[in-house]
Amino acid sequence: SIVQREGVGVSTFVANPNSPTMWAVIDQKAVSVAGNPRGYAVQLGSFCTTQVLPDDHPFVKAVPLTKYHIAITQQKDSEYRSSEVYAQYDASDRITNPQDLDVFLSDNESLVDEDLVAWIGVGREHIVRQEDLPLVSNFGAGFSLQPFNFFSQNVAASPPWGSE
């Protein structure tokens with residue numbers, strides 16, 4: 001389904017391990033030769049952990065991106081990080097004009113025909129083991145950003161260097 005507006009539960013998504021998916025951010029006016037909207041697909045590299053703390057927990061309030069795997073907002077120069085850089089030290093001290101993803105989402109702005117920001121949150125449970133000392137070397141979480149309906153076919157099927 002196409003999301004029209006910002007909002008918690010509207011333009012925010014949490015992955016479900018029982019039904020793997022990807023998300024696509026598209027431009028409905030830019031269409032491929034086949035008539036499909038072009039954009040970018042976002043896919044988690046591995047299943048990321050889900051926030052288990054309640055929304056009113058100080059940690060979650062300090063770092064709201066931990067509640068979502070992806071949140072889409074309208075791009076604004078004044079919204080440049082998903083939480084305050086010092087929020088982890090004193091989340092109860094609210095400041096004027098905070099960098100807070102939930103505040104960004106709360107204005108319910110249109111996402112249609114706008115420049116967008118995809119706030120992507122990846123996390124992973126880490127169970128400590130002896131081999132992690134002095135440096136954790138087996139830890140990884142990530143996502144991929146891929147073209148979505150940009151090309152008429154898989155570009156590897158006809159690379160530009162193989163035409164001679």
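Just above, that's the structure.
Cut-offs used in this document
- Residues numbered from 1 in each chain as written.
- Predicted model: local features only at pLDDT ≥ 70, side-chain atom pairs only at ≥ 80, totals over all residues.
- Heavy atoms only, no water.
- Helix = DSSP H or I, 4+ residues; strand = E, 2+ residues; numbered from the N terminus.
- Buried < 20%, exposed > 50% of the residue type's maximum accessible area, 1.4 Å probe, protein only.
- Contact = heavy atoms within 4.5 Å.
- Pairing = 2+ DSSP bridges.
- Phe/Tyr/Trp six-rings, centres within 6.5 Å; stacked < 30°, edge-to-face > 60°.
- Salt bridge = Lys/Arg side-chain N within 4 Å of Asp/Glu carboxyl O.
- Patch = residues over 30% accessible without salt bridge, like charges linked within 9 Å, V, L, I, M, F, W, Y side chains within 5 Å.
- Areas by Shrake-Rupley, 256 points an atom, 1.4 Å probe, with all protein chains shown as cover.

(A) Structural detail: the overall build of the chain. Each helix and strand counted, the chain has two helices and six strands in total. Secondary structure of the chain in N-to-C order comes out as β-β-β-α-β-α-β-β. Burial statistics for the chain: of 164 residues in total, 23% are counted as buried. Pairs at least 24 apart in sequence give 65% of the contacts found in the chain among residues at least 6 apart.

(B) The arrangement of the sheet that holds strand 5 (residues 116–120) in detail. As summarised here, the arrangement of the three strands in space is 1-4-5, forming an open sheet in which the pairing is antiparallel. Where the open sheet ends on each side, the last strands, each with one partner, are strand 1 (12–13) and strand 5. One ladder, built from two bridges, connects strand 1 with strand 4 (residues 70–74); its direction is antiparallel. Residue Thr 12 lies in a different strand from strand 4, and its bridge partner there is Ala 71.

(C) Expanded view of the packing of aromatic side chains. Considering all chains together, one arrives at four aromatic pairs under this definition. Arranged with centres 5.2 Å apart and planes meeting at 45 degrees, the rings of Tyr 40 and Phe 150 form a pair that is tilted. In this pair, Tyr 40 sits in strand 3 (residues 37–44) while Phe 150 sits in the segment after strand 6 (143–148), placing the two residues 110 residues apart along the sequence. Here Tyr 40 falls in the partly exposed class, since its relative accessible area comes to 42%. Using a relative accessible area of 30% as the deciding quantity, one classes Phe 150 as partly exposed. Aromatic rings pair up to connect Tyr 40, Phe 150 and Phe 151 into one cluster.

(D) Up close: the environment of Val 52. Following the sequence through the fold, Val 52 ends up in the loop between strand 3 and helix 1 (58–62). In this structure the C-alpha to C-alpha distance between Val 52 and Thr 66, which are 14 residues apart in sequence, comes to 9.5 Å.

(E) Broad picture of the pattern of salt bridges. On inspection of all chains with the given rule, the structure shows seven salt bridges. For Lys 76, the salt bridge goes to Asp 107, with nearest N and O atoms at 3.0 Å. Residue Lys 76 is located in the loop between strand 4 and helix 2 (101–105), and its partner Asp 107 is located in the loop between helix 2 and strand 5; the two are separated by 31 residues in the primary sequence. On the basis of relative accessible area, Lys 76 is assigned to the partly exposed category, the value being 22%. What you see here is one network of salt bridges that share partners, running through Lys 76, Glu 79, Asp 107 and Glu 109.

(F) Molecular detail of the side chain of Ser 83. Within the element layout of this structure, Ser 83 appears in the loop between strand 4 and helix 2. On the basis of relative accessibility, which here comes to 14%, the residue Ser 83 falls in the buried class. In this structure, Ser 83 is in contact with Ala 62, Val 63, Pro 64 and Gln 99, ignoring residues within four places of it in sequence.

(G) Focus on a nonpolar patch on the surface. Together, Tyr 40, Val 122, Phe 143, Leu 145, Phe 150, Phe 151 and Val 155 make up an exposed nonpolar region whose accessible area comes to about 660 Å². Classification of Val 122 by relative accessible area gives partly exposed; the value is 35%.

(H) Quick look at the environment of Phe 143. Relative to the elements of secondary structure, Phe 143 occurs in strand 6. What makes Phe 143 partly exposed here is its relative accessible area of 41%. In this structure the C-alpha to C-alpha distance between Phe 143 and Leu 44, which are 99 residues apart in sequence, comes to 4.1 Å. Other than its neighbours up to four places away in sequence, Phe 143 contacts Val 42, Gln 43, Leu 44, Gly 45, Ile 120 and Val 122.

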